[in-house]
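Report on the structure
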Amino acid sequence: TESWPERKMAGLYRFQEGAVDETLVQDVRALNELGEEQLGELVGVVLEFLSSADSSVLVEGAESFSEKHGTSAGALRPSLLGLIVVFKGAARRHLAKELVGQDMVRFGLGEGKAGVVATLWGRYLASLSRSMAQQTMSANRLVDLDWRFGVTASSSEVGSVGRTFVQLRLQLDCG
C-alpha cells in the first residue's frame with residue numbers, strides 16, 4: 001500500500017480542487033479516535049449547523065457532545081472546523097454520499113467511520129442545498145433597478161462620440 005504522503009497530491013480529494021492542507025488532513029484524521037456512534041453524533045452536529053446557519057446550533061451541540069462524552073470542546077474545535085471545510089466544499093460541488101465517503105477514507109478514516117459520515121451526508125444533502133441557496137438568495141436580493149439608454153454627444157475622446165450605452169443601477173439588499 002502507498003504511504004499517506006504519497007497519496008496527498010493535487011486533485012485527490014473531490015470536495016475541493018488542488019492539494020489539501022496537511023493540517024486539515026490531520027484534523028479530520030483525528031476523528032478516528034471517536035467511536036462510530038460518537039462520530040455520528042459529532043457529524044450530525046456539524047451538518048445540523050450547516051443546514052441552519054445558526055452558530056448557536058454548533059456551540060450548543062459541541063458543548064452537549066463534550067459533556068456527554070467527557071471531552072473538552074476546545075479539543076474538538078480543529079476537527080469541527082475541518083468537517084465544516086470539507087462539508088462546505090462537498091455541498092458546493094454537490095457531491096453524492098459515496099464520493100464524500102471516499103474522501104473520508106482518503107483522509108484516513110476507516111471504512112466503517114467513512115460509511116457513517118457518508119450516510120449522514122446523504123440524509124442532510126437536500127437541506128444543505130436548500131440552506132446554501134437561501135443564504136445566497138437572501139444576501140443578494142434585488143430591491144430596485146434603474147436603467148438608462150443613451151448616445152454620447154460629446155467627449156474629450158473623439159472616438160467615443162456617437163457611441164450608444166446602457167447604464168444599469170442595481171440596488172441590492174445585502175442583509
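Keep in mind that what you see is a predicted model, and the values were worked out from it rather than measured.

Our focus in this paragraph is the environment of Ser79. Positionally, Ser79 belongs in helix H5 (residues 73-92). Owing to a relative accessible area of 7%, Ser79 belongs among the buried residues under this scheme. Here the side chain of Ser79 touches Asp27 through a polar contact of 2.7 Å, landing on its backbone oxygen.

Another aspect to go through is the confidence of the model for the protein chain. Per-residue pLDDT for the protein chain averages 86, and the proportion of residues at 70 or more is 90%. This stretch, residues 1-11, has a pLDDT under 50; its non-local contacts, to residues over four places away or in other chains, come to 17 contacts.

Here the focus is unusual backbone geometry. For His94, which is not glycine, the phi dihedral falls at a positive 55°. Secondary-structure assignment places His94 in the loop between H5 and helix H6 (97-107). Its relative accessible area of 60% is what places His94 among the exposed residues.

Let us look at the layout of surface pockets. Empty space among the atoms can be located by rolling a probe the size of a water molecule over them. Roughly 150 Å³ of internal volume is contained in the largest pocket. Lining the largest pocket, in full, are Phe49, Leu50, Ala53, Phe87, Lys88, Ala91, Arg92, Leu128, Met132 and Gln135.

It is possible for side chains bearing opposite charge to pair when their charged atoms get close. Counted according to the given criterion, the structure contains 5 salt bridges. In this structure, the salt-bridge partner of Arg106 is Asp103, at a minimum N-O distance of 3.6 Å. In this pair, Arg106 and Asp103 are both assigned in helix H6, 3 residues apart and thus about one turn of the helix distant. Taking relative accessible area as the criterion, Arg106 reaches 22% and is therefore assigned partly exposed. Across the salt bridge formed by Arg169 and Asp144, the nearest N and O atoms sit 3.2 Å from each other. Placement of the pair is Arg169 in strand E2 (residues 164-173) and Asp144 in strand E1 (residues 141-151), with a sequence separation of 25 residues. Looking at Arg169, the relative accessible area reads 39%, which means it is partly exposed.

The next point concerns the side chain of Ser160. By the element assignment, Ser160 lies in the loop between E1 and E2. Within the structure, the side chain of Ser160 is placed 3.0 Å from the side chain of Ser155, a separation counted as a polar contact. Apart from residues no more than four positions distant in its own chain, Ser160 is found in contact with Thr152 and Ser155.

To continue, consider the nonpolar core. Core analysis: the biggest nonpolar cluster contains 40 residues, and Phe15, Phe87 and Phe107 have the highest contact counts within it. When residues of this core are traced back to their parent elements, those giving at least two are helix H2 (22-29), helix H3 (36-52), helix H4 (55-69), H5, H6 and helix H7 (111-139). Among all residues touching Phe15, those that are not within four sequence positions of it are Val20, Leu24, Val85, Val86, Gly89, Ala90, Arg93, Leu95, Asp103 and Phe107.

The geometry of H2 relative to H5 is characterised by a closest axis approach of 8 Å and an angle of 110° between their N-to-C directions. Considered as vectors, H2 and H5 are oriented roughly perpendicular to each other. In this structure, H2 crosses over H5, and the sense of that crossing is left-handed. Facing Leu24, Asp27 and Val28 of H2, the residues of H5 in contact are Pro78, Ser79, Gly82, Val85 and Val86. Its residues assigned to classes, the contact of H2 with H5 comprises 5 nonpolar, 2 polar and 1 charged.

What counts, and at which threshold
Residues numbered from 1 in each chain as written. Predicted model: local features only at pLDDT ≥ 70, side-chain atom pairs only at ≥ 80, totals over all residues. Heavy atoms only, no water. Helix = DSSP H or I, 4+ residues; strand = E, 2+ residues; numbered from the N terminus. Buried < 20%, exposed > 50% of the residue type's maximum accessible area, 1.4 Å probe, protein only. Polar contact = N/O pair within 3.5 Å; in protein donor to acceptor, adjacent residues only side chain to side chain. pLDDT = per-residue confidence, 0-100. Contact = heavy atoms within 4.5 Å. 1 Å grid on protein atoms, 1.4 Å probe; cavity = no way out; pocket = protein on both sides within 12 Å on 5 of 7 lines; lining within 4 Å. Points joined across faces, edges and corners; volume = space filled by probe spheres on them. Salt bridge = Lys/Arg side-chain N within 4 Å of Asp/Glu carboxyl O. Core = buried A, V, L, I, M, F, W, Y, C linked by side-chain atoms within 4.5 Å. Axes fitted to C-alpha atoms, helices over the stretch in contact; angles between N-to-C directions. Parallel < 35°, antiparallel > 145°, perpendicular 65-115°, else oblique. Left-handed = near helix turned anticlockwise from the far one by under 90°. Nonpolar A, V, L, I, M, F, W, Y, C, P; charged D, E, K, R; others polar.

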